[in-house]
Amino acid sequence: MSVARRLVFNTGARSAAEFINRGGTFLFWMMTARTLGASALGSLAFALSLFNLFNNFCHLGLTNVVVREAARTPQKAGLYYSHSLMLFGATSLISALGMIGLVLLMRPQPDTIFASIALATALVPASAFFAGRSLLYAAEQLPKVSLAYTGESLFKTLFGLAALQLGADVRTIAVIIALSKVLPTIILLPYVHRLVKPEWRLDAPTMRFLVSMIPSFSLINISNSLFWTAPTLLLTKLCGEETAGIYNAAHKVADLTLCIPNAYGQAILPTASKMLAAKPRHFRFLFVRSLKYMFIMTVALAAMISFGAEQIIRLLYGQHLAAAALVLKLLAWLLVPFSLVPIFSAALLSGNLQKHDLAANAAAAATAAAVVTLAAPYMGPAGAAVAYLAGAAVFMVIEWASVYRRLFRFSMACHLWRPSLGALLMIIVLTGGRFPGLGNLFMGAGVYLVFLALSKTITRSEWLMIKNLQTV
């Protein structure tokens, strides 16, 4: 199977499952917001933000190390599996205790404390999932990982909606979410054990190597987790659960759009790890075209979501969360930088340049935290959206510069100016059109596609070169 076909297959399987999962999750959150209100949504969002933060402490950032090394040396996969399980088991127990201690120290509302403690208990069993997932990613078996995520989403959605219909309170919903976090481990481990058996012996070189990778990769994960969670935590602390609930209502919608970029980033990492060393010219071609096509797709989608934010929020949440429309208008544009960041990150990690990926993550997290602290008291939930956009811009620029300076030089201006101009024309149509119903959206999309075709943004020769890239 060619590189392009394998990437399309794995990205398609992962993104389709991710979209279904996020769609189900979004339905769950939408009904939670409608049934229990913004304050309950804020309590659950706070607990989940803490869970995601400490969940990243559990695997110390070593999941990408295991993916990279197992893809390069599959004969050592059993050792990487057993040693990652040992490390993750110990750190997850420490993380669970740390999460409980932190929430008791912060003293939020009682329901928020209960939800946080319930999710903390899921950290230990959930940690084994990440070890198994890394092995399946390295073997490029993303559909099996997608099945585990789908199981989590279905459990949470079906049982959560049923509980809400029966009059469940926020604490019952928190328990359901905690149980759903354990389910992917149960689903995934049988597939992993068919692929590779853990070698239960202490191999000193393997353990030393993994431990030596912890400082850089754990800080990458912590910084990335802080980027995605700190604004929500700070917004809750500064403005209360209800304001955080309004923000998260919009964030859940924006989060749906990140399915394909995230899936592509997961699919390209093992390919990049092998191709960059064996066929660097092929990887450079694939890298630049990946950036180009992701930008073409996401800049138009971001414009349409931002334009239709008010209608989307009104349709999904009703009038009582109308304040989330402005937040969604801003958050829609997160899609553009975060369609490119996973590709930059895969290139840096494949080239053993994780310190530069760490610098980008840390700078983005610091920027987002600083901006939300300054903006939230004056702008409310929109301040958190501005913080994410500022952090995302810093993230993308640093990663772009790092690949350019440390890995290989590349030019993107010739690839991005056409879709940028097409997106500008589309925005003009969206804002100035007077077509009924969804007419403006269809007309804007049509103008964008026609412009791409007339400007020959995608040529037949380029497409044939991508199609004929051979497997590594």
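This one's a predicted model, so the numbers in the text were calculated from it and none came from an experiment.

(A) View of the nonpolar core. Core analysis: the largest hydrophobic core is formed by 146 residues, its most contacted members being Leu62, Ile173, Phe287, Tyr317, Leu331 and Phe410. The element contributing the most residues to this core is helix α12 (residues 280-307), with 13 residues.

(B) A look at the side chain of Thr91. Topologically, Thr91 is positioned in helix α4 (residues 77-106). Here Thr91 falls in the buried class, since its relative accessible area comes to 16%. At a separation of 3.2 Å, a polar atom in the side chain of Thr91 contacts the main-chain carbonyl oxygen of Phe88. Setting aside its immediate chain neighbours within four residues, Thr91 contacts Phe57, Cys58, His59 and Leu60.

(C) Up close: the packing of aromatic side chains. Tallied over the entire structure, the rule returns 15 aromatic pairs. Ring geometry for Phe287 and Phe408: centres 5.3 Å apart, planes at 85 degrees, overall edge-to-face. Residue Phe287 is located in helix α12, and its partner Phe408 is located in the loop between α17 (381-406) and α18 (413-432); the two are separated by 121 residues in the primary sequence. By relative accessible area, which is 13% here, Phe408 ends up buried. Among the aromatic residues, ring-to-ring pairing joins Phe227, Trp228, Tyr247, Phe338, Tyr388 and Phe395 into one connected group.

(D) Region of interest: the confidence of the model for the protein chain. Within the protein chain, residue pLDDT values average 83, and 93% of them lie at 70 or more. Least confident of the elements in the protein chain is helix α20 (residues 460-467), whose mean pLDDT is 64; most confident is α17, at 90.

(E) Quick look at the packing of helix α2 (residues 38-59) against helix α10 (residues 241-256). Axis separation between α2 and α10 bottoms out at 7 Å; the angle between their running directions is 80 degrees. With respect to α10, the element α2 is oriented roughly perpendicular. On α10, the residues that touch Ala38, Ser39, Leu41, Gly42, Ser43 and Ala45 of α2 are Glu241, Glu242, Gly245, Asn248 and Ala249. Here the contact of α2 with α10 is composed, by residue class, of 4 nonpolar, 5 polar and 2 charged.

(F) Just helix α15 (residues 337-350), in detail. For α15, spanning 14 residues, the distance from its first C-alpha to its last is 20 Å, which sits close to the expected 20 Å at 1.5 Å a residue. Among the 14 residues of α15, 14 are classified as buried, and the element is accordingly described as predominantly covered. Asn352 lies just past α15 and shows a positive phi near 55 degrees.

(G) Structural view of unusual backbone geometry. With a phi close to 55 degrees, Asn352 is a non-glycine residue in the positive phi region. The class of Asn352 is partly exposed, set by a relative accessible area of 44%.

(H) Focus on the pattern of salt bridges. In total, this model carries 6 salt bridges according to the counting rule given. Here Arg201 and Glu199 are joined by a salt bridge, their closest N and O atoms 3.3 Å apart. On the accessibility criterion, Arg201 (44% relative accessible area) is partly exposed. Overall, Glu199 belongs to the partly exposed group, its relative accessible area being 29%. When salt bridges with common partners are traced through the structure, they connect Arg68, Glu69 and Arg72 into a single cluster.

(I) Main features of the packing of α12 against helix α19 (residues 439-454). Closest axis-to-axis distance for the α12/α19 pair is 11 Å, and the angle between their directions is 160 degrees. With respect to α19, the element α12 is oriented roughly antiparallel. Note that α12 runs across α19; the crossing there is right-handed. For the pair formed by α12 and α19, the contact residues are Phe295, Ile296, Val299, Ala300, Met304 and Phe307 on the first element and Asn440, Leu441, Ala445, Tyr448 and Leu452 on the second. Of the residues contributing to the contact of α12 with α19, the split by class is 10 nonpolar, 1 polar and no charged.

(J) Representation of the side chain of Ser218 in the model. Mapping Ser218 onto the fold places it in helix α9 (residues 204-239). Not counting residues within four places of it along the chain, the set of residues in contact with Ser218 comprises Leu60, Gly61 and Met213.

(K) Expanded view of α18. The end-to-end C-alpha separation of α18 is 28 Å, in line with the 28 Å expected for 20 residues at 1.5 Å each. The set of residues buried in α18 consists of His415, Leu416, Pro419, Gly422, Ala423, Met426, Val429 and Leu430. Angular distribution of buried residues about the axis of α18 spans 140 degrees; they occupy a single face of the element. Set apart from the buried face of α18 by more than 90 degrees, the exposed residues are Ala413, Ile428 and Thr431.

Reading the values: the criteria
Residues numbered from 1 in each chain as written. Predicted model: local features only at pLDDT ≥ 70, side-chain atom pairs only at ≥ 80, totals over all residues. Heavy atoms only, no water. Core = buried A, V, L, I, M, F, W, Y, C linked by side-chain atoms within 4.5 Å. Buried < 20%, exposed > 50% of the residue type's maximum accessible area, 1.4 Å probe, protein only. Helix = DSSP H or I, 4+ residues; strand = E, 2+ residues; numbered from the N terminus. Polar contact = N/O pair within 3.5 Å; in protein donor to acceptor, adjacent residues only side chain to side chain. Contact = heavy atoms within 4.5 Å. Phe/Tyr/Trp six-rings, centres within 6.5 Å; stacked < 30°, edge-to-face > 60°. pLDDT = per-residue confidence, 0-100. Axes fitted to C-alpha atoms, helices over the stretch in contact; angles between N-to-C directions. Parallel < 35°, antiparallel > 145°, perpendicular 65-115°, else oblique. Nonpolar A, V, L, I, M, F, W, Y, C, P; charged D, E, K, R; others polar. Expected span 1.5 Å × (residues − 1). Salt bridge = Lys/Arg side-chain N within 4 Å of Asp/Glu carboxyl O. Left-handed = near helix turned anticlockwise from the far one by under 90°. Arc of directions from axis to C-beta.

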